[in-house]
Amino acid sequence: MSFTPSIGDVVMMAQIAWALAQAFTKGRKSAPAEFCEVEHQLYSLSAALEAIKRAQEKGVLDIEHIHLHSASSESKDRSYDQDAVKNILQNCLQTLTHLEKIVKKCNIISKPNSSSHGLGSWSQHVVRNWRKIEWTTEKGDLNALRSQIMIHINSLNLLLGVATSSQTAAIRKSVDTSFAMIKELYEWYEGNIKDSVISGNDGSAPSPTLPDYASAVAPAETFELSIRTSRGKDTICPRAHFNRDWDQNPLIDSVSSDAESMLVCACRNDGKPGPHQSSVQRYKLSNITFPARLAGEKRAWILFKTTDKATHQLVTLYITTIRPNYIRAVEEVILQDLAIRQADAILKQGSGNNLCYLSADTGEERLLASIGELRTAQQSIESVTFNYGGRTYSRKYVENIQILQYQTISLDLLAKGGQTEPLQPLDYAEVFITYGEQDEGTRGDVVSSTLHLKRNTHLKLDENHAFVKIDSIETMGTFGDGRVVCIGDICLTIQLTSRQAARELHERLEDMRMELFLRDLRYPRSDESVAVRLQFASIECEYMCVSDADVTVTVDNRGKHRLIIESRNNCILMSQILADDFSNSLSGRPNYSQPTYVVQHDEDGTRSIYRYEHGFKYLNLGGKQGISTSDLLVSLAWETMSMELRTAGIHLNRD
């Protein structure tokens, strides 16, 4: 029976992908660590299908009636467009249907017990034998499944990129090119994945059986846990791990006395619970616990207001030295999900705070993303002096100063009970200053000031005189009655009581400026939109070799393209504004010679930033050195977008 795709099929596939993603890892105790990446890809696939559905609803794409070729084309060419979309959706449906049947037929998810909050666990049979399961219709292993899902995501994103920018007959030629790109992608899939013999499924070498406790936490899935003290911080456990059952417990259960422990000790102890188990299990969520990234050279997170069950006090915990294979799960699944849950609970009470609030201007929900932690300077400010238009104004009695960066999330995304894309950090941070009681002469004055720190804000430290000067910064003043006054281009001097305090304030402000710079490299900028987003199993150049990476190409309002590459474990980030002759170089291969920033994180979380003035000689996206199929796809995508931009009136200047 012929398959004719419809919007109903797209909606159904999006729902299946979402349900399978939830079943794969979240809330499933003892799930193998390898399942986590499949879960991420299934969520991405669901998001891509949702985007196709929204494009259909907006009239940008009609998957049932596609006519993209000219009337003069041959009949077989005119029918290719419909066949391409049909094949993309049909292959995606086959993959999802097969995976769904495996879950149901093999009874993979066991029945939940009374204490599992309605969620079952992976059966021990699957935990021990998942490598032998035929996850694809071609009897492939888990890697083959991941490759198939990656192909589906890439094809859908390419299709959507063409559809959203191909709304006039004048760009039909560019659409032909993009469909040729999709054809190349599927031909590569047919020749390299579909009929290949996948190792690990012949049953010749059974997988080793590990003790239950050892298999629950892989050595590469740990971090160092510390607690804030008056002296700095003390280590609680060098190899802690988030309890998988705790991750998906509802918030009301997480703060109850009989909830699963938030943390476990994964230190080796002959198959027994780790030596720090009792120490890490002292801590659980409170109603106001909130996670945030610490700005600085080392990758680190802070958990504010965590409950110490032994002392009944609220304490601050630090998460550092996250192992590379565990970074994405900790940052983009566990802590991100926790931030959304806690923000939702706070805002449901009807009022926001410094952890989260609703923007009065845009209505967006803003969650704390990162913080410049101050230990000495916070209570050591003598005065703040403002200079604007030749006039000087000083404030004393400073109670507090905080350096905060926020990220946005839409309310309709929260209403769905989850998210499909990372939260988006703002391109500025807020330096929040509050003032204490005033004398009679200053009553009715501002009670707080908010400075908008940007990545190019100029800072100056005068250590001898213990002050920090900030040039040309936008400032908002809030009065006691709620009135807000905004003034731009203010010069500001913060006088502190000691050199140490001044040095700390300057360092934390510089740390936050660097966070904003990295945000600028990682995410589309305010004048950019995403042109294409793909995933590759491997990326290689003379400076790095990355297994599993997300590749994004953006385009700004001048027609300039930027290439962003990020490893799936968030340890490598690369950003390059592509040359105008990117795909027309004399060598016949794409030109990657423009200045390039590369950000690397070592195993202990230490960050290094490099600038390569002449870019790199080659970039191998998923193939052997030279012009691989993937290189060709990127080149064709660039050509397509160039033609579409020229049609829209944006002309790229070429020498």
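The structure reproduced in this document is the subject of the present report. Small disclaimer: the values here were computed from a predicted structure and weren't measured.

Notes on the packing of aromatic side chains
And then number 1: Under the counting rule described, the total for this entry stands at nine aromatic pairs.
And then number 2: For the pair tyrosine 357 and tyrosine 406, a centre-to-centre distance of 5.1 Å together with 80° between the ring planes defines the contact as edge-to-face. In this pair, tyrosine 357 is assigned in strand 8 (residues 356-358) and tyrosine 406 in strand 12 (residues 398-409), connecting sequence segments 49 residues apart. We note that tyrosine 357, like tyrosine 406, is buried.
And then number 3: Their ring planes at 25° and their centres at 6.3 Å tell us that tyrosine 610 and tyrosine 612 sit as a pair that is stacked.
And then number 4: Clustering of aromatic rings is evident, with ring pairs tying together Phe223, Phe242 and Tyr326.
And then number 5: The aromatic ring of phenylalanine 479 is capped on one face by arginine 483, whose charged end is 4.2 Å from the ring centroid.

What to know about the environment of glycine 436
And then number 1: Its place among the elements puts glycine 436 in the loop between strand 13 (424-435) and strand 14 (446-453).
And then number 2: In this structure glycine 436 comes out as buried when scored by relative accessible area, which is 15%.
And then number 3: For glycine 436 and arginine 395, which are 41 residues apart along the polypeptide, the C-alpha to C-alpha distance reads 9.9 Å.
And then number 4: Sequence-distant contacts of glycine 436, defined by excluding residues within four places in its chain, comprise Tyr397 and Glu399.

Focus: the pairing of strand 7 (residues 313-320)
And then number 1: Counting buried residues along strand 7, six of its eight residues qualify, which places the element largely inside the surrounding structure.
And then number 2: Where strand 6 (residues 300-308) meets strand 7, seven bridges bridge the pair, whose relative direction is antiparallel. If you follow isoleucine 302 over to strand 7, its bridge partner there is tyrosine 318.
And then number 3: The loop that links strand 6 with its antiparallel partner strand 7 comprises four residues; one of these, histidine 312, has a positive phi angle of about 60°.

Description of the pairing of strand 14
And then number 1: Of all eight residues in strand 14, seven are buried, a share of seventy percent or more.
And then number 2: In this structure, strand 13 lies alongside strand 14, joined through six bridges in antiparallel fashion. Counted as the bridge partner of alanine 429 is leucine 453 from strand 14.
And then number 3: In terms of strand pairing, strand 14 meets strand 16 (residues 467-479) through six bridges, oriented antiparallel.

Observations regarding empty space enclosed by the protein
And then number 1: Counting across every chain of the model gives five cavities of 30 Å³ or more.
And then number 2: Each pocket or cavity is described by its volume, and for the largest cavity that value is around 600 Å³.
And then number 3: Lining the largest cavity are 35 residues, with Arg293, Glu331, Glu515, Arg522 and Tyr523 sitting closest to its centre.
And then number 4: Here the lining of the largest cavity gets five residues from one element, more than from any other, and that element is helix 12 (residues 324-348).
And then number 5: Residue classes in the lining of the largest cavity are distributed as 17 nonpolar, seven polar and eleven charged.

Brief notes about the environment of valine 446
And then number 1: Topologically, valine 446 is positioned in strand 14.
And then number 2: Note: C-alpha distance between valine 446 and valine 484 (38 residues apart in sequence) is 8.7 Å.
And then number 3: Once residues lying within four places of it in the same chain are set aside, the contact partners of valine 446 are Arg395, Tyr435, Gly477, Thr478 and Phe479.

Concerning the side chain of aspartate 308
And then number 1: Tracing the chain through its elements places aspartate 308 in strand 6.
And then number 2: In this structure aspartate 308 comes out as buried when scored by relative accessible area, which is 4%.
And then number 3: Reaching out from aspartate 308, the side chain makes a polar contact with the backbone nitrogen of alanine 310 at a distance of 2.9 Å.
And then number 4: Sequence-distant contacts of aspartate 308, that is, excluding residues within four places in its chain, are made with Arg282, Tyr283, Gln313 and Val315.

Concerning the state of the cysteines
Should the sulfur atoms of two cysteines be covalently bonded, the bond is a disulfide.
And then number 1: For the structure on display, the rule yields zero disulfides.
And then number 2: Here cysteine 541 stays unpaired: no disulfide links it, and the sulfur of cysteine 545, its closest cysteine neighbor, is 8.9 Å away.
And then number 3: Relative accessible area serves as the criterion here: at 6%, cysteine 541 is assigned to the buried category.

Thoughts on the nonpolar core
And then number 1: By size, the foremost hydrophobic cluster in this structure holds 37 residues, and its most contacted members are Phe24, Leu42, Leu45, Leu49, Leu96 and Trp135.
And then number 2: Counting residues per element, the ones that place at least two in this core are helix 1 (7-24), helix 2 (35-57), helix 4 (80-105) and helix 6 (142-164).
And then number 3: Per-element tally for this core: the top contributor is helix 2, with ten residues.
And then number 4: Leave out the neighbours within four places in its chain, and leucine 45 touches Ala17, Cys92, Leu96, Ile149, His152, Ile153 and Leu156.
And then number 5: With 32 residues, the next largest nonpolar core counts Val384, Phe386, Tyr435 and Ile473 among its residues.

Here is what the cut-offs are and how they apply
- In this convention, every chain numbers its residues from 1, walking through the sequence in written order.
- For this predicted model, a pLDDT threshold of at least 70 governs which residues receive local features, and a threshold of 80 or more governs which side-chain atom pairs are given and counted, while totals over whole chains, interfaces and linings are taken from all residues.
- With hydrogens and water excluded, all non-hydrogen atoms of the structure serve as input to the side-chain values.
- Aromatic rings from Phe, Tyr and Trp, with only the six-membered ring used for Trp, were paired whenever their centres fell within 6.5 Å, and each pair was classed as stacked if the ring planes differed by under 30 degrees, edge-to-face if by over 60, and tilted otherwise.
- Starting at the N terminus, helices and strands are each numbered in turn, a helix being any DSSP run of H or I of at least four residues and a strand any DSSP run of E of at least two.
- Only protein chains enter the accessibility calculation, which uses a 1.4 Å probe; a residue whose area is less than 20% of its type maximum is buried, one above 50% is exposed, and one in between is partly exposed.
- Ring-over charges, as used throughout, are those where CZ of Arg or NZ of Lys falls within 6 Å of the ring centre and within 35 degrees of the ring normal.
- In this description, contact between two residues means that some pair of their heavy atoms is separated by no more than 4.5 Å.
- Two strands are counted as paired when DSSP detects at least two bridges linking them.
- For each structure, a 1 Å grid was placed over the protein atoms alone; sets of points admitting a 1.4 Å probe that cannot get out are labelled cavities, open sets with protein on both sides within 12 Å along at least five of seven lines are labelled pockets, and lining residues have an atom within 4 Å of a point.
- Grid points are joined across faces, edges and corners, and a volume is the space filled by probe spheres set on the points.
- Under this grouping Gly is polar, as are all residues other than the nonpolar Ala, Val, Leu, Ile, Met, Phe, Trp, Tyr, Cys and Pro and the charged Asp, Glu, Lys and Arg.
- Definition of a polar contact: a pair of N or O atoms within 3.5 Å, with one able to donate and the other able to accept a hydrogen when the atoms are protein atoms, and with sequence-neighbouring residues admitted only if both atoms are side-chain atoms.
- By disulfide we mean two sulfur atoms from cysteines, separated by a distance within 2.5 Å.
- The definition of a nonpolar core used throughout is a set of buried Ala, Val, Leu, Ile, Met, Phe, Trp, Tyr and Cys residues joined through side-chain atoms within 4.5 Å.

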